[in-house]
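# Descriptive analysis of the structure
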Amino acid sequence: MKDPDHILIQQTENVQAARQIRFTDLQEIVDLEQELKAYMFEAVEIEESGVKVEMKKTKDFEMVDEFQDKLDQDTLLKEAFESLTPGRQRAYLLHFSSAKQSKTREARIEKCIPQILEGKGLND
């Protein structure tokens, strides 16, 4: 969707398609009435046209070396991780890769291994 007025905001860096407009009071909505109507009409046109956003696949997300090493060493862990839904896999990969230090990544991985083996997601 086009954003000529630069009012669409990406929620977080990991959100692939959704965008939002944030308001703090009613007057902002009143001031942007024409722009909002134009955006809504474009959104409806896009929806009716059937155009889809190309989403990143799980394999496109970063696999940190520390977790890849664990998967290579433990076939049971690898099978358990691969049997998770793509969304659960992505959640773990994002969680592991967001740590800046290797020590933190390893601690996160160790903490999550039991959940992965149980077939649970990061927030289950």
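Notes on the structure follow.

About the cut-offs
- Here the residue numbering is sequential within each chain, running from 1 through the sequence in written order.
- Predicted model: local features are reported for residues with pLDDT of at least 70 only, side-chain atom pairs are reported and counted for 80 or more only, and whole-chain, interface and lining totals are derived from all residues.
- Hydrogens are left out, water is left out, and the side-chain values use all remaining heavy atoms of the structure.
- Counting from the N terminus, the helices are the DSSP runs of H or I reaching at least four residues and the strands are the DSSP runs of E reaching at least two.
- C-alpha atoms define the radius of gyration, and 2.2 Å times the number of residues to the power 0.38 defines the globule rule.
- Exposure categories follow from relative accessible area, calculated using a 1.4 Å probe and restricted to protein chains: below 20% of the type maximum is buried, above 50% is exposed, and the middle band is partly exposed.
- Side-chain atoms within 4.5 Å are what join buried Ala, Val, Leu, Ile, Met, Phe, Trp, Tyr and Cys residues into a set we call a nonpolar core.
- Note on contacts: a residue pair qualifies if any of its non-hydrogen atoms lie within 4.5 Å across the two residues.
- Basic side-chain nitrogens of Lys or Arg form a salt bridge, by our definition, when they fall within 4 Å of a carboxyl oxygen of Asp or Glu.
- A patch consists of residues whose relative accessible area exceeds 30% and which take part in no salt bridge; residues with like charges are grouped when within 9 Å of each other, and nonpolar side chains (Val, Leu, Ile, Met, Phe, Trp, Tyr) when within 5 Å.
- With residues, only the protein chains shown are counted as cover, and all accessible areas are computed by Shrake-Rupley using a 1.4 Å probe.
- Positive charges are assigned to Lys and Arg, negative charges to Asp and Glu, while His and the chain termini are left out of the count.
- One atom stands in for each charge, and that atom is NZ of Lys, CZ of Arg, CG of Asp or CD of Glu.
- Working convention: axes come from line fits to C-alpha atoms, limited for helices to the stretch in contact. Angles between N-to-C directions cover 0 to 180 degrees.
- Each angle gets one of four labels, with under 35 degrees taken as roughly parallel, over 145 as roughly antiparallel, 65 to 115 as roughly perpendicular, and the rest as oblique.
- Should the near helix be turned anticlockwise from the far one by less than a right angle, the crossing is termed left-handed; should it be turned clockwise, right-handed.
- Gly is placed with the polar residues, together with every amino acid not listed as nonpolar (Ala, Val, Leu, Ile, Met, Phe, Trp, Tyr, Cys and Pro) or charged (Asp, Glu, Lys and Arg).
- By the criterion applied in these results, polar contacts are pairs of N or O atoms within 3.5 Å in which, for protein atoms, one can donate a hydrogen and the other can accept it, and in which residues neighboring in sequence qualify only through two side-chain atoms.

### A closer look at the overall build of the protein chain
When helices and strands are tallied, the protein chain shows six helices and two strands. Here the C-alpha atoms of the protein chain give a radius of gyration of 20 Å, more than 25% beyond the 14 Å that 2.2 N^0.38 yields for 124 residues. Overall, the protein chain is about 60 × 30 × 25 Å in size when its C-alpha atoms are taken along their principal axes. Counting only residues that meet the buried cut, the protein chain has 19% of its 124 residues in that class.

### What about unusual backbone geometry?
Even without a glycine there, the phi angle at His 6 is positive, about 55°. The class for His 6 is exposed, based on a relative accessible area of 69%.

### A closer look at the nonpolar core
Taken as a class, soluble globular proteins show a tendency for nonpolar side chains to be buried jointly. Core analysis: the biggest nonpolar cluster contains 15 residues, and Phe 67, Leu 77, Phe 81, Tyr 92, Phe 96, Ile 109 and Ile 116 have the highest contact counts within it. Listing elements by their share of this core, those giving two or more residues are helix H3 (65–73), helix H4 (75–83), helix H5 (86–97) and helix H6 (102–117). Ranked by residues supplied to this core, first place goes to H6 with four residues. In contact with Phe 96, other than residues within four places in its own chain, are Val 64, Phe 67, Arg 105, Arg 108, Ile 109, Cys 112 and Ile 116.

### Here we look at the pattern of salt bridges
Tallied over the entire structure, the rule returns five salt bridges. Here Arg 105 makes a salt bridge to Glu 66, at a shortest N to O gap of 3.1 Å. You can see Arg 105 sitting in helix H6 and its partner Glu 66 sitting in helix H3, a full 39 residues away along the chain. Note that Lys 120 is salt-bridged to Glu 118, the shortest N-O span being 3.3 Å. Taking relative accessible area as the criterion, Lys 120 reaches 36% and is therefore assigned partly exposed.

### Section: a nonpolar patch on the surface
Where nonpolar side chains cluster on the molecular surface, the patch consists of Phe 23, Leu 26, Ile 29 and Val 30 and spans about 350 Å² of accessible area. Structurally, the position occupied by Phe 23 is in the loop between strand E2 (19–20) and helix H1 (26–31).

### Observations concerning a negative patch on the surface
Together, Glu 62, Asp 65, Asp 69, Asp 72 and Glu 106 give the surface a local cluster of negative charge. Sort the elements by how many residues they give to the negative patch and H3 lands first, with three residues. Within the secondary structure, Asp 69 is located in helix H3.

### Description of the packing of H4 against H6
Direction vectors running N to C along H4 and H6 enclose 65°, while the axes themselves pass 9 Å from each other. Here H4 lies roughly perpendicular to H6, going by the angle between them. As H4 packs across H6, the resulting crossing turns out to be left-handed. Across the interface between the two elements, Leu 76, Leu 77, Ala 80 and Phe 81 of H4 pack against Ile 113, Ile 116 and Leu 117 of H6. Each residue belonging to the contact of H4 with H6 can be placed in one class, and the counts come to seven nonpolar, no polar and no charged.

### Overview of the side chain of Glu 66
Its relative accessible area of 14% is what places Glu 66 among the buried residues. A polar contact of 3.1 Å, which involves the side chain of Glu 66, links it to the side chain of Arg 105.

By themselves these figures say nothing about function.
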